[in-house]
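Notes for the structure review
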Amino acid sequence: AQSVAQPEDQVNVAEGNPLTVKCTYSVSGNPYLFWYVQYPNRGLQFLLKYITGDNLVKGSYGFEAEFNKSQTSFHLKKPSALVSDSALYFCAVRRDSSYKLIFGSGTRLLVRP
Amino acid sequence: DTAVSQTPKYLVTQMGNDKSIKCEQNLGHDTMYWYKQDSKKFLKIMFSYNNKELIINETVPNRFSPKSPDKAHLNLHINSLELGDSAVYFCASSQAAGRTDTQYFGPGTRLTVL
């Protein structure tokens with residue numbers, strides 16, 4: 001079975017400060033990890049993915065994520081948060097032999113001015 | 001130049017009715033998906049088609065039936081709508097069904113069953 005956990009329902013951060021949105025996964029075999037963002041009343045937008053290679057993945061809008069195999073984590077980060085980053089963030093995982101993309105429960109990011 | 005589009009955006013209907021949601025992608029992708037997002041924002045895969053062949057068929061009621069007339073279209077038909085069907089339904093597509101393929105989502109259809 002494969003699963004992904006986002007332990008924080010909400011993350012609050014001040015504009016200009018670094019942000020981290022946490023994600024841990026459980027999957028047999030090699031994991032393929034994705035981050036998506038959902039703005040209010042909109043569909044999900046792809047941010048970045050880890051397939052193989054460098055553990056630090058850079059994505060859209062200045063976001064990056066670090067794959068840590070020993071901790072089975074794939075935390076999303078940004079050095080300096082913007083108010084416009086406020087949205088719902090989803091981590092997702094797919095294993096080697098599956099067509100299915102399994103999503104976490106989502107983390108709401110609130111960046112205050 | 002919308003990549004993945006869905007119609008309608010909003011759908012309000014009475015219990016017991018039959019309704020359809022349409023999805024089209026102009027990305028030239030081979031694989032399409034339907035997801036359901038509930039009121040707590042939890043996303044769950046329902047169906048997937050690859051080259052018009054059903055490859056994912058999750059445990060959903062038989063009242064839900066996907067139809068893929070061609071690779072660019074995946075429609076969702078729902079019979080005998082129930083209150084619990086109220087949700088946002090997202091269509092998505094990817095180049096292929098491979099593990100590394102990125103899925104691109106449509107804007108969603110908010111279904112409200114009264």
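Residues numbered from 1 in each chain as written. Chains lettered and ligands numbered in written order. Predicted model: local features only at pLDDT ≥ 70, side-chain atom pairs only at ≥ 80, totals over all residues. Heavy atoms only, no water.

1. Here we look at the overall build of chain B
Just so we agree on the cut-off: Numbering goes from the N terminus for both helices and strands, where a helix is a DSSP run of H or I of at least four residues and a strand is a run of E of at least two. C-alpha atoms define the radius of gyration in this analysis, and the globule rule sets the expected value at 2.2 Å times the number of residues to the power 0.38. The rule is simple: take the accessible area with a 1.4 Å probe, protein chains only, and divide by the maximum for that residue type; under 20% is buried, over 50% is exposed, in between is partly exposed. Working rule for contacts: check all heavy atoms of both residues, and any pair within 4.5 Å makes them a contact. Accessible areas in this description were obtained via Shrake-Rupley with a 1.4 Å probe; residue shielding takes into account the shown protein chains only. Charge assignment: positive for Lys and Arg, negative for Asp and Glu; neither His nor the chain ends contribute. All charge positions are set by atom: Lys at NZ, Arg at CZ, Asp at CG, Glu at CD.
Each helix and strand counted, chain B has 0 helices and 11 strands in total. Starting at the N terminus and ending at the C terminus, chain B contains elements arranged as β-β-β-β-β-β-β-β-β-β-β. Here the C-alpha radius of gyration of chain B, 13 Å, is about what a compact globule of 114 residues would show, namely 13 Å. When its C-alpha atoms are laid out on the principal axes, chain B stretches across 40 × 30 × 30 Å. Residues counted as buried form 44% of the 114 residues belonging to chain B. Of the contacts formed within chain B by residues at least 6 apart in sequence, a portion of 54% connects residues at least 24 apart. Accessible area for chain B stands at about 5,500 Å²; split by element, carbon and sulfur atoms hold 49% of it. Placing the 13 positive and 11 negative side-chain charges of chain B at their respective mean positions leaves the two points 5 Å apart.

2. Quick notes on the overall build of chain A
Regarding its fold elements, chain A presents 0 helices and 12 strands. Traced from its N-terminal end to its C-terminal end, chain A shows the element sequence β-β-β-β-β-β-β-β-β-β-β-β. Taking 113 residues into account, the globule formula puts the C-alpha radius of gyration at 13 Å, and chain A, at 13 Å, falls close to it. Its C-alpha atoms put chain A at 45 × 30 × 20 Å along the principal axes. Of all 113 residues assigned to chain A, the portion counted as buried reaches 47%. The long-range share in chain A, meaning contacts at least 24 apart out of those at least 6 apart in sequence, stands at 57%. Of the charged side chains in chain A, 12 are positive and 8 negative; the average position of the first set lies 6 Å away from that of the second.

3. Comments concerning the interface of chain A and chain B
Think of interface size as the accessible area that goes away when the parts come together; that is how it is often given. Put simply, the rule is: Two parts placed together each lose some accessible area; with a 1.4 Å probe, that loss summed over both constitutes the buried area. By definition, a salt bridge exists where a carboxyl oxygen of Asp or Glu is found within 4 Å of a side-chain nitrogen of Lys or Arg. Each residue gets one of three labels, nonpolar for Ala, Val, Leu, Ile, Met, Phe, Trp, Tyr, Cys and Pro, charged for Asp, Glu, Lys and Arg, and polar for the others, Gly among them.
Contacts between the two partners involve 22 residues from chain A, matched on the other side by 24 residues from chain B. Each partner contributes to the roughly 1,900 Å² buried at the junction of chain A and chain B, and carbon and sulfur atoms together form 56% of this total. Ranking the residues of chain A by area buried against chain B places Arg-94, Tyr-99 and Phe-103 of chain A at the top, with a combined share of 28%. Linking chain A to chain B there are 1 salt bridge. A salt bridge links Lys-100 of chain A to Glu-58 of chain B; the shortest N-O distance between them is 2.6 Å. Among the secondary structure elements, those contributing two or more residues to the side of chain A that touches chain B are β5 (31–38), β6 (44–50) and β10 (87–95) of chain A. Across the side of chain A that touches chain B, the residue classes tally to 11 nonpolar, 4 polar and 7 charged.

4. Observations regarding the nonpolar core
Quick reminder of the rule: By nonpolar core we mean a set of buried residues, namely Ala, Val, Leu, Ile, Met, Phe, Trp, Tyr and Cys, connected to one another through side-chain atoms within 4.5 Å.
Ranked by internal contacts, the top residues of the largest apolar core, which has 28 residues, are Trp-35, Leu-47, Leu-48, Phe-74, Leu-76 and Tyr-89 of chain A. No other element matches the 4 residues that β10 of chain A contributes to this core.

5. Quick look at the state of the cysteines
All names here are of chain B. How we decide: When two cysteine sulfur atoms lie within 2.5 Å, the pair is treated as a disulfide.
Scanning all chains against the criterion turns up 2 disulfides over all chains. The partner cysteine of Cys-23 in its disulfide is Cys-91, sulfur to sulfur 1.9 Å. The S-S bond linking Cys-23 to Cys-91 shows a torsion near -80°; that makes this disulfide left-handed. One end of the pair, Cys-23, is in strand β3 (residues 19–25); the other, Cys-91, is in strand β9 (residues 87–94), and 68 residues separate them in sequence. Here Cys-23 matches Cys-91 in class, with each residue buried.

6. Topic: the pattern of salt bridges
With the rule as written, the count across this model stands at 8 salt bridges over all chains. Notably, a salt bridge pairs Glu-66 of chain A with Lys-77 of chain A, separated by 3.8 Å at the nearest N-O pair. With Glu-66 of chain A in strand β8 (residues 64–68) and Lys-77 of chain A in strand β9 (residues 73–78), the pair connects residues that are 11 residues apart, well separated along the chain. In this structure, the salt-bridge partner of Asp-85 of chain B is Arg-63 of chain B, at a minimum N-O distance of 2.8 Å. With Asp-85 of chain B in the loop between β8 (73–78) and β9 and Arg-63 of chain B in the loop between β6 (53–57) and β7 (64–70), this pair connects stretches of sequence that are 22 residues apart. When sorted by exposure, Asp-85 of chain B lands in the same class as Arg-63 of chain B, which is buried. Three or more residues joined by partner-sharing salt bridges are found here, namely Lys-100 of chain A together with Lys-44 and Glu-58 of chain B.

That is the geometry; function is a separate question.
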